[in-house]
Amino acid sequence: MRTIKILKSAIEKQLAAPPTDVSIIELVDLFVEYAYSSRASDIHIEPADEKVAVRLRIDGILHDTLNFSKEFQDEVISRIKVLSGLKTDIHHIPQDGRFKAKIEGAGEKEMGEVDIRVSVAPTYYGENSVLRILAEAAQSFALEQLGFNKEQLVILEKAIRKPYGMILCNGPTGSGKTTTLYAFIKKLNTREISIITIEDPIEYSIEGITQMPVAVGAGLTFANGLRSILRQDPNVIMVGEIRDSETANIAVNAALTGHLMLSTLHTNDAATTFPRLIDMGVPPFLVASTLNVALAQRLVRIACPNCRKQRILSIAEIKSFGGIAEKMTSDKVYTVGPGCAECGGTGYKSRIGIHEVLEVDDEIRSLIVGRADATQIKQLAVKRGMAPMIEDGLEKARAGVTTIEEVLRIIYE
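Residues numbered from 1 in each chain as written. Predicted model: local features only at pLDDT ≥ 70, side-chain atom pairs only at ≥ 80, totals over all residues. Heavy atoms only, no water.

*Asks:* Outline helix α7 (residues 245–256), listing residues and values.
*Replies:* In this model, α7 (twelve residues) spans 16 Å end to end at C-alpha, consistent with the 16 Å of a helix rising 1.5 Å per residue. The elements touched by buried residues of α7 are β7 (165–170), α6 (222–230), β10 (236–239), β11 (260–265), α8 (273–279) and α9 (284–290). Where α7 begins, one side-chain oxygen reaches toward the backbone nitrogen of E246, 3.2 Å away; that side chain belongs to D244. G258 sits one or two positions beyond α7 and adopts a positive phi of about 95 degrees. (Helix = DSSP H or I, 4+ residues; strand = E, 2+ residues; numbered from the N terminus. Expected span 1.5 Å × (residues − 1). Contact = heavy atoms within 4.5 Å. Polar contact = N/O pair within 3.5 Å; in protein donor to acceptor, adjacent residues only side chain to side chain.)

The structure is reproduced here in structure tokens:
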């Protein structure tokens, strides 16, 4: 694989050449390879008044990378549209597509393929394009590698082995929920059972399971798709997201009638899952009967092992954490380093999850049936052994996996 320095130099050489000598095909290929080599998850191509900016999202943070002339804007967008099978003569409505890019050294082959999801949308200064890099070969989806501690893994392993019930993964957009669901599916994926998913969109293709994409324009919504899936004799169903009361009620009834249901919700913590489902019109006794585990998560950046530094927490900092700090086994934590070649000068490299895993037992079920609020449910769950997400994050900071600053940024941003 070509180095980041060589790739950036090749891009700059292209942009410095006379317009007639610039190869748009090679330029777009270089953008994708450079982003992949930089560990970026997204490429943002954003038009402005006098230039077009290219920004890369690395470990969840957008970085200004380079600019190119407006005279190449239409050609670059057209090339992206051609690659992803979009209509090049339509500029006034959003379009979505995907393509595969061949990149040297991607995956296990000398020349591997990387899946790219494309979104093009009209803006005041022309069409904006965002390319999501879905590096299938680089993503193992191993549950043990996602940041769960031993106690959490025991609860999750037990829950996914149950023949029916529901597991919900919660968090904001970009918190790794889908990756966690895929990790569950890979654990369960054997020839003895049928696994069917409905997703919007399908992010990764997994051999051995049936995956259905949402197509709202054709009338295929999560709710309609879930109804049809139930007639396909599945053992395990994954619904990309529960967005409305219709989907929520069908999902809960499917979990009640002998299916293991995996899905996601947009809630801030695990305990809010229950009142959220009840607000969506699911009867409390059904929520209590079907939901086995609610988990919440965020992604924090990993402190670069090559340049991180250790420091001692101040007394004021320890006091500010209250009772949580008492569970930390040391007052030593790690902090971000000055940056090095390994982390591209950022002090962080890659991301990992911080979690809270709420196992539903008889006492929790009693609170749900009684329509207890999220605070009451969380207090009981903590009393019964659940580690809150911030506690999980601080423990990772103590161990040097991330930093306290990063944990607080993600939880309280």
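*Asks:* Give a description of the sheet that holds strand β12 (residues 291–303) that names residues and reports values.
*Replies:* Strand order in this open sheet of seven strands is β9-β8-β10-β11-β7-β12-β15, and the pairing throughout is mixed. Every other strand in the sheet has two partners, leaving β9 (210–213) and β15 (348–359) as the edge strands with one partner each. The average angle at which neighbouring strand axes cross in this sheet is 20 degrees, direction not considered. Relative to β9, strand β8 (residues 195–199) is paired through four bridges, and the arrangement is parallel. (Pairing = 2+ DSSP bridges. Axes fitted to C-alpha atoms, helices over the stretch in contact; angles between N-to-C directions.)

*Asks:* Describe the pattern of salt bridges, and please don't skip the residues or the numbers.
*Replies:* Any two side chains of opposite charge can pair, given that their charged atoms come close. Summed over the entire model, instances satisfying the criterion amount to 26 salt bridges. In this structure, the salt-bridge partner of E246 is R227, at a minimum N-O distance of 2.5 Å. Within this pair, whereas E246 is found in helix α7, its partner R227 is found in helix α6, the two being separated by 19 residues in sequence. The exposure class of E246 is partly exposed, given its relative accessible area of 38%. Put simply, R301 and E406 hold a salt bridge, and the shortest N to O gap is 3.1 Å. Linking R301 in strand β12 with E406 in helix α15 (residues 404–412), this pair joins segments that are 105 residues apart in sequence. Its relative accessible area of 15% is what places R301 among the buried residues. Here E406 falls in the buried class, since its relative accessible area comes to 2%. Connected via shared salt-bridge partners are R98, K100 and D115. (Salt bridge = Lys/Arg side-chain N within 4 Å of Asp/Glu carboxyl O. Buried < 20%, exposed > 50% of the residue type's maximum accessible area, 1.4 Å probe, protein only.)

*Asks:* Describe the domain arrangement of the protein chain, and please don't skip the residues or the numbers.
*Replies:* By domain assignment, the protein chain separates into domain 1 (2–133) and domain 2 (136–410). Each of domain 1 and domain 2 was reduced to a C-alpha centroid, and the two centroids are 31 Å apart. Counting residues at the interface gives ten residues for domain 1, matched by 13 residues for domain 2. The contact between domain 1 and domain 2 buries some 960 Å² in all, and 46% of this surface belongs to carbon and sulfur atoms. Together, R39, D59 and R117 form the three largest contributors to the area buried by domain 1 at its contact with domain 2, with a combined 44%. Between the two partners, domain 1 and domain 2, sit one salt bridge. At the surface where domain 1 touches domain 2, the tally comes to three residue pairs in polar contact (both at pLDDT 80 or more). Mapped onto the side of domain 1 that touches domain 2, the elements with two or more residues apiece are β3 (61–69), β4 (95–104) and β5 (111–123). (Domains from an automatic or database assignment. Buried area = accessible area lost by both parts, 1.4 Å probe.)

*Asks:* Could you give an account of the side chain of S38, naming the residues involved and the relevant values?
*Replies:* Along the polypeptide, S38 turns up in the loop between α2 (24–37) and β1 (40–47). Among the residues examined, S38 registers a relative accessible area of 10% and is labelled buried. When residues no more than four places from it in sequence are discounted, the contact partners of S38 are I4, L56 and I58.

*Asks:* Lay out the pairing of β3 with the relevant residues and their values.
*Replies:* In this structure, strand β2 (residues 51–58) lies alongside β3, joined through eight bridges in antiparallel fashion. Paired with R55 across the strands is D64, a residue of β3. Turn length for the β2-β3 hairpin, with the two strands adjacent in sequence and antiparallel, is two residues, and the turn residue D59 shows positive phi of about 55 degrees.

*Asks:* Now, about the packing of aromatic side chains: what can you tell me, with residues and values included?
*Replies:* Counted by the stated rule, this structure contains three aromatic pairs. The interplanar angle of 85 degrees and the centroid separation of 5.8 Å between the aromatic rings of Y182 and Y204 together place this pair among those described as edge-to-face. With Y182 in helix α5 (residues 177–188) and Y204 in the loop between β8 and β9, this residue pair connects regions lying 22 residues apart in the sequence. In terms of burial, Y182 and Y204 fall into one category: buried. (Phe/Tyr/Trp six-rings, centres within 6.5 Å; stacked < 30°, edge-to-face > 60°.)

*Asks:* Describe the state of the cysteines, naming the residues involved and giving the relevant values.
*Replies:* Counted under the stated rule, the structure contains zero disulfides. Left unpaired, C304 is separated from the closest cysteine sulfur, that of C340, by 3.7 Å. Of the cysteine sulfurs around C307, a residue in no disulfide, the closest is that of C304, at 3.9 Å. Overall, C307 belongs to the buried group, its relative accessible area being 9%. (Disulfide = S-S within 2.5 Å.)

*Asks:* Can you tell me about the packing of α2 against helix α3 (residues 73–83), naming the residues and giving the values?
*Replies:* It is at 10 Å that the axes of α2 and α3 come closest, and there the two elements cross at 75 degrees. Here α2 is positioned roughly perpendicular relative to α3, judged by the angle of their axes. Counting all contacts with α2, which are made through I24, I25, L27 and V28, the residues of α3 involved are E75, V76, R79, I80 and L83. Looking at the contact of α2 with α3 residue by residue, the classes come out as seven nonpolar, no polar and two charged. (Parallel < 35°, antiparallel > 145°, perpendicular 65-115°, else oblique. Nonpolar A, V, L, I, M, F, W, Y, C, P; charged D, E, K, R; others polar.)

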